[in-house]
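Fold and geometry: a report
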Amino acid sequence: MGKIVGAFATSHILMSPTGVEERAQRVVGGMKEIGRRVAAARPDVIAIISTDHMFNINMGLQPPFCVGVADEYVPFGDMDIPREPFPGHRAFAEAFVERAAEHGFDLAKAEEYSPDHGVALPLLFANPERRVPVVPILVNINMQPIPSPKRCLALAGVLRESVERDLPAGTRAVILGAGGLSHWLNVPGMGTVNTAFDRQVLDKFMAGRSDELAALSVADIVQQGGNGGIEILTWMMAAATCPGARGEEIYYEAMPEWFTGMGGIALRL
Amino acid sequence: MAPYRVHRLIQGLFKVPGLLERLGKDAPAVFDEYGLAENERKALADGSPEALGALGVHPILQMHYMLARDPAMAAQITIRAYADQIGRN
């Protein structure tokens, strides 16, 4: 029986610090703190729930969810992220897909997948030595219909079950959600940061009640958080693997210069 | 939503060997290759978010196209400034 020994969520971009040096440094400091805590949890596997930015999953083929099942991943290299390979955890990825099928989720699998910044950037901090095997779980927020919050949370429950039933006894798993917070990308409102929405979302996580966000529709979240803010689905999924766990805010910065609210949390297990 | 031929071209910029370079050197030839209509050619030649948005290009693919055409934008969306901090938690 495996065990979730850490659960976190974080934004997954960095941009030029020019003109925003202090806030940018606090963001990086937050990402580094999450990295320290992941290391302290001594994981044997990291399941990262994130999005692809159409470098892999584009208009050509549009699965709602996709799981990387490869032995190794080489980052795509966007944002100048080094194309240094890191290991996958094929056995657990395959087991998760099988278990999800038992629960009515027909997940796409990817042998060929080059993680873009959505997955690769958080791992620069959470798996800096690239030693811990990773299972990438992608939520397709670029298709219509976007998977609903309720569907995402149900899949997160399957992930928890898979950790507990499919990993060998004593295996330590860290769950990392990556994306968000509010941002509007190449649509009206670009550059807006809805700090009230971000704070509302963070408060739900702090209170251990992020499941209540599932009462929102995709349209509600997009309206309040932008077409990029829907990435909070990945945070909700990470938290849903640890039901009721209260969150701790590691960092939050409104970064309109980067067109986004930036944040990170740790769940108290 | 833009016709798939437009999205297919943009999706190829970071994947199809040589396509990005050929777009820079001879855009009309690339537009011919992908069978673009006149309004689609004009929008891509313009390249602004407004023009791409009016054509119905997916917001993420708008970003791909602008990153491909604008080195100054690409220079903003990078981790380079943090290289000395990465891997040193």
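Residues numbered from 1 in each chain as written. Chains lettered and ligands numbered in written order. Predicted model: local features only at pLDDT ≥ 70, side-chain atom pairs only at ≥ 80, totals over all residues. Heavy atoms only, no water.

1. Some thoughts on the interface of chain A and chain B
Contacts between the two partners involve 33 residues from chain A and, on the opposite side, 27 residues from chain B. Interface area for chain A against chain B, summed over the two sides, is near 2,700 Å², with a carbon-plus-sulfur share of 62%. When the buried surface of chain A facing chain B is broken down by residue, Met59(A), Asp80(A) and Asn186(A) rank first, second and third, together holding 22% of it. Applying the counting rule to chain A against chain B returns 1 salt bridge. For Asp80(A), the salt bridge identified is with Arg80(B), shortest N-O distance 3.1 Å. Linking chain A with chain B are 13 residue pairs in polar contact (both at pLDDT 80 or more). (Contact = heavy atoms within 4.5 Å. Buried area = accessible area lost by both parts, 1.4 Å probe. Salt bridge = Lys/Arg side-chain N within 4 Å of Asp/Glu carboxyl O. Polar contact = N/O pair within 3.5 Å; in protein donor to acceptor, adjacent residues only side chain to side chain.)

2. A closer look at helix α5 (residues 195–206) of chain A
Residues and elements named next belong to chain A. With 12 residues, α5 should reach 16 Å at 1.5 Å per residue; the first-to-last C-alpha distance of 16 Å fits that figure. Listing the buried residues of α5 in full gives Phe-197, Asp-198, Val-201, Leu-202, Lys-204, Phe-205 and Met-206. On its buried side, α5 packs onto α6 (218–229), α7 (232–240), β9 (247–255) and β10 (260–267). Of the residues flanking the end of α5, it is Gly-208, one or two places downstream, whose phi is positive at about 75 degrees. (Helix = DSSP H or I, 4+ residues; strand = E, 2+ residues; numbered from the N terminus. Expected span 1.5 Å × (residues − 1). Buried < 20%, exposed > 50% of the residue type's maximum accessible area, 1.4 Å probe, protein only.)

3. Digging into the environment of Ile175(A)
All names here are of chain A. Inspection of the secondary structure puts Ile-175 in strand β8 (residues 172–178). Relative accessible area serves as the criterion here: at 0%, Ile-175 is assigned to the buried category. For the pair formed by Ile-175 and Asp-220, sequence separation is 45 residues and the distance between their alpha carbons is 26 Å. Apart from residues no more than four positions distant in its own chain, Ile-175 is found in contact with Ile-4, Gly-6, Ala-7, Phe-8, Ala-47, Ile-49, Leu-159, Ala-238 and Thr-241.

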